[in-house]
There are 2 protein chains.
Amino acid sequence: MAPKPRRVTQREIAELAGVSQTTVSVVLNDRDGGGVRIPEATRARVKKAIEQLTYVADPAARRLAGLDNQIIGVFTYEAALSPESMDFYGPLLNGIERAAEKIGWDLLFFTSSPVENGTRSLFHRKTRLRLTDGCVLLGQQMVASELERLVAEQFPFVAIGRRDETAAAVPYVAIDYVTPTTALIDQAAAAGHQQALYVHRGRDTPAARDRRGAVEAASAEGRLAFLLVGEERIGDLPRLAQATGATVIIAEDAFLIEDVVHALTAAGVAVPDEISVAALGEVRGHRIDGKPLAGFHVPREQLAAEALDLLQLLIATEPDEWSTLELRRHLDSDVEPGATIVVRTEA
Amino acid sequence: MAPKPRRVTQREIAELAGVSQTTVSVVLNDRDGGGVRIPEATRARVKKAIEQLTYVADPAARRLAGLDNQIIGVFTYEAALSPESMDFYGPLLNGIERAAEKIGWDLLFFTSSPVENGTRSLFHRKTRLRLTDGCVLLGQQMVASELERLVAEQFPFVAIGRRDETAAAVPYVAIDYVTPTTALIDQAAAAGHQQALYVHRGRDTPAARDRRGAVEAASAEGRLAFLLVGEERIGDLPRLAQATGATVIIAEDAFLIEDVVHALTAAGVAVPDEISVAALGEVRGHRIDGKPLAGFHVPREQLAAEALDLLQLLIATEPDEWSTLELRRHLDSDVEPGATIVVRTEA
DNA sequence: CGAATCTGAAGATACGCATTATCAGAAGGA
DNA sequence: TCCTTCTGATAATGCGTATCTTCAGATTCG
């Protein structure tokens, strides 16, 4: 259906310059040697013709001829540009854009991917995936079968977020949550806290399991005793804190902490004076009672940059040799001590 | 350089099914009639082979063969995904994504476009523009020559923002600022104000000229007298208000008003009690002394949706008939009366 | 029963570009 | 002079798909 206006081709340039299409191609790509030689005089003549006709290469033809396209795909399992997603995707997309700009890549967003049982799917009859040289995958919920197919087809891609649960070797760049979670727990313990509550969303993602694992480890090792609480029981928190004697509440992310604080203050509990709080996620911009919330600073821009760097490496490397590469990269979050974990003087 | 893993082609399917590549193509596209007939039996056999080999069409080849790609380009003259641009681009991109998702289009962001004297340029030797079926242009500063070239090449595109200054007929979707500006000025006049200051950024864009024009018209017609002030003289505003007897300050956008208010309060002037303020732009989320700022609600998501709708129309129409189309669409901003234009009781 | 028509499909070609192989003519060597 | 080497370029080919044309064999018509 698309109207196809005539555009300048190499053949037209060739006619204007009185040479063959081959010669034009060679001049355009500055190719020399390898059985082909074009003297400076001819070269100049062709270049002049190119300028005159404002030639622009057809990317589809280039692609079909086996060259790279300088396009990378961005696949998100949910809408990426909606205000709600911006919290999460914003810094990532920003990092991707900056990195792509630097190395001259365009970004293809697979917004068209049809939604099947809740998430978008990458493979469909008309997927434009192969127009790209490689692909970045974002999102909480990735479909394992699609990751495996990408690996099987030896398609260069990088997932953002830990993906070590699938059988296949999925290249990814992820935040390490174990280290900072442990650090934050130790901070609370050092402040004199002994009993805590952990509020989580009950999701089963690698990142969620990491955090939970670090929490349970701390509990098991006696550094800080935890009771795990699902988000649906936030209203019940004041009572639970009372019952367990918990003096600090840690939640999976900062938004959850907002809800927690709301529930506590509604019940007449002072935060953070009576009960300390912290989040195991990005806390930039979150303040509790005017005080900066304790938690992490997640380097999301850097995460994105790292992902594109890895992707670039994959694209430049023959698939056979991928196994020799370091396909998994981990970044540490900085711990933000904040001011919402108060020192507990022994009663 | 891109590694090119082998992929399933129509030829392979053909071999498996014992038919020709032509037949496979016909079955894939459900083409029938027009000199080509495939009986149901053969059709089924081919379809089975397609399923078995998990065929996915190569978009580059499709494109080269003259079909549409279901990709539209998104070109911004500055970085689109940075936190600073999000204020402006965010709602637009969101609208574009939603509209694209609805009609099954992918989005190609031209992040690679090289920066030449301050802005990105759309046409360069390797532009991937032609991979798309059409293109949306965003940004304050567009290059007239590029717009004209797009028109000349009969490439389907739509600009967001008014672009009627160029000679060529540029299709665009824009906000009408004249009507709401006039409305806001009349609101101030009705509240008893007689003398005003207009703070602007001194930019020469169509939208800026529209606003300025409406301001000057109001002044000329005696509805409200204005003194125009460049943003560099914001520090001087308290004195200017004193000197002119102005009781209301209108600025080009809400961020400018923030600066204005800052200067005024620093000089001991109460806002809005002593001097009213309003912005000729989006005011969502902007509050002055706890009161909602008077100004506009710019329907940016809708603007984007309208742009894609127009683009779709262009793509579906033969370029020869574009001249019969309504290529320019205008949307009204809603006026937000706010609470920062106070009624002035005659002294 | 020969000619016209219909059926089902394959062959050839185009799209624009890169690349490989080829080739005519000039220059150099014996 | 004849053979080799070098120079400067061209023709041919392939990439994967869609489409236009052709065609053999079966069927129907007169």
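These numbers come from a predicted model, not from an experiment. (Residues numbered from 1 in each chain as written. Chains lettered and ligands numbered in written order. Predicted model: local features only at pLDDT ≥ 70, side-chain atom pairs only at ≥ 80, totals over all residues. Heavy atoms only, no water.)

A. Focus on the pairing of strand E10 (residues 248-251) of chain A. Residue and element names in this part refer to chain A. Burial along E10 is two-sided: Val 248 and Ile 250 and Ile 249 and Ala 251, pointing in opposite directions, are all buried. Of the strand pairs in this sheet, strand E8 (residues 195-200) and E10 are connected by four bridges, and their pairing is parallel. Residue Val 199 lies in a different strand from E10, and its bridge partner there is Ala 251. (Buried < 20%, exposed > 50% of the residue type's maximum accessible area, 1.4 Å probe, protein only. Helix = DSSP H or I, 4+ residues; strand = E, 2+ residues; numbered from the N terminus. Pairing = 2+ DSSP bridges.)

B. The packing of helix H1 (residues 10-17) of chain A against helix H3 (residues 40-53) of chain A, seen in detail. Residues and elements named next belong to chain A. At a closest axis distance of 9 Å, the pairing of H1 and H3 adopts a crossing angle of 125°. By the angle class used here, H1 and H3 are oblique. Relative to H3, H1 is oriented so that their crossing is right-handed. Here H1 contributes Glu 12, Ile 13, Leu 16 and Ala 17 to the contact with H3, which in turn contributes Arg 45, Val 46, Ala 49, Ile 50, Gln 52 and Leu 53. The class makeup of the residues in the contact of H1 with H3 is seven nonpolar, one polar and two charged. (Axes fitted to C-alpha atoms, helices over the stretch in contact; angles between N-to-C directions. Parallel < 35°, antiparallel > 145°, perpendicular 65-115°, else oblique. Left-handed = near helix turned anticlockwise from the far one by under 90°. Contact = heavy atoms within 4.5 Å. Nonpolar A, V, L, I, M, F, W, Y, C, P; charged D, E, K, R; others polar.)

C. Fine view of unusual backbone geometry. At the junction of Val 271 of chain A and Pro 272 of chain A, the peptide bond is cis and its omega measures out at 0° in the coordinates. Mapping Pro 272 of chain A onto the fold places it in the loop between helix H10 (254-266) and strand E11 (276-282). One non-glycine residue with positive phi stands out, namely Gln 70 of chain B, at about 60°. Topologically, Gln 70 of chain B is positioned in the loop between helix H4 (59-64) and strand E1 (71-76). We classify Gln 70 of chain B as partly exposed; its relative accessible area is 22%.

D. Seen up close, the protein's contact with DNA strand D. Taken together, 24 residues lie around DNA strand D, and Ser 20, Thr 23, Arg 37 and Pro 39 of chain A together with Tyr 55 of chain B are the ones closest in. In DNA strand D, atoms within 4 Å of the protein come 57% from sugar and phosphate. Measuring from a base nitrogen of DNA strand D, one finds a side-chain N or O atom of Thr 22 of chain A at 3.1 Å. Between a phosphate oxygen of DNA strand D and a side-chain N or O atom of Tyr 55 of chain B, the distance comes to 2.5 Å. Elements that contribute at least two residues to the surface near DNA strand D include exactly helix H2 (21-28) of chain A together with helix H2 (21-28) and H4 of chain B. (Near = heavy atom within 4 Å. Polar contact = N/O pair within 3.5 Å; in protein donor to acceptor, adjacent residues only side chain to side chain.)

E. Quick peek at the layout of surface pockets. Considered as a void within the structure, the largest pocket measures approximately 1400 Å³ in volume. Around the largest pocket, the lining is made up of 50 residues, and of these Ser 85, Asp 87, Phe 88, Tyr 89 and Arg 300 of chain A lie nearest the centre. Considering only residue class, the lining of the largest pocket consists of 22 nonpolar, 12 polar and 16 charged. Considered as a void within the structure, the second largest pocket measures approximately 1000 Å³ in volume. Around the second largest pocket, the lining is made up of 39 residues, and of these Asp 87, Phe 88, Gln 140, Tyr 177 and Arg 300 of chain B lie nearest the centre. Elements represented by at least two residues in the lining of the second largest pocket include exactly helix H5 (83-103), strand E7 (172-176), helix H8 (206-220), helix H10 (254-266), strand E11 (276-282) and helix H11 (300-316) of chain B. (1 Å grid on protein atoms, 1.4 Å probe; cavity = no way out; pocket = protein on both sides within 12 Å on 5 of 7 lines; lining within 4 Å. Points joined across faces, edges and corners; volume = space filled by probe spheres on them.)

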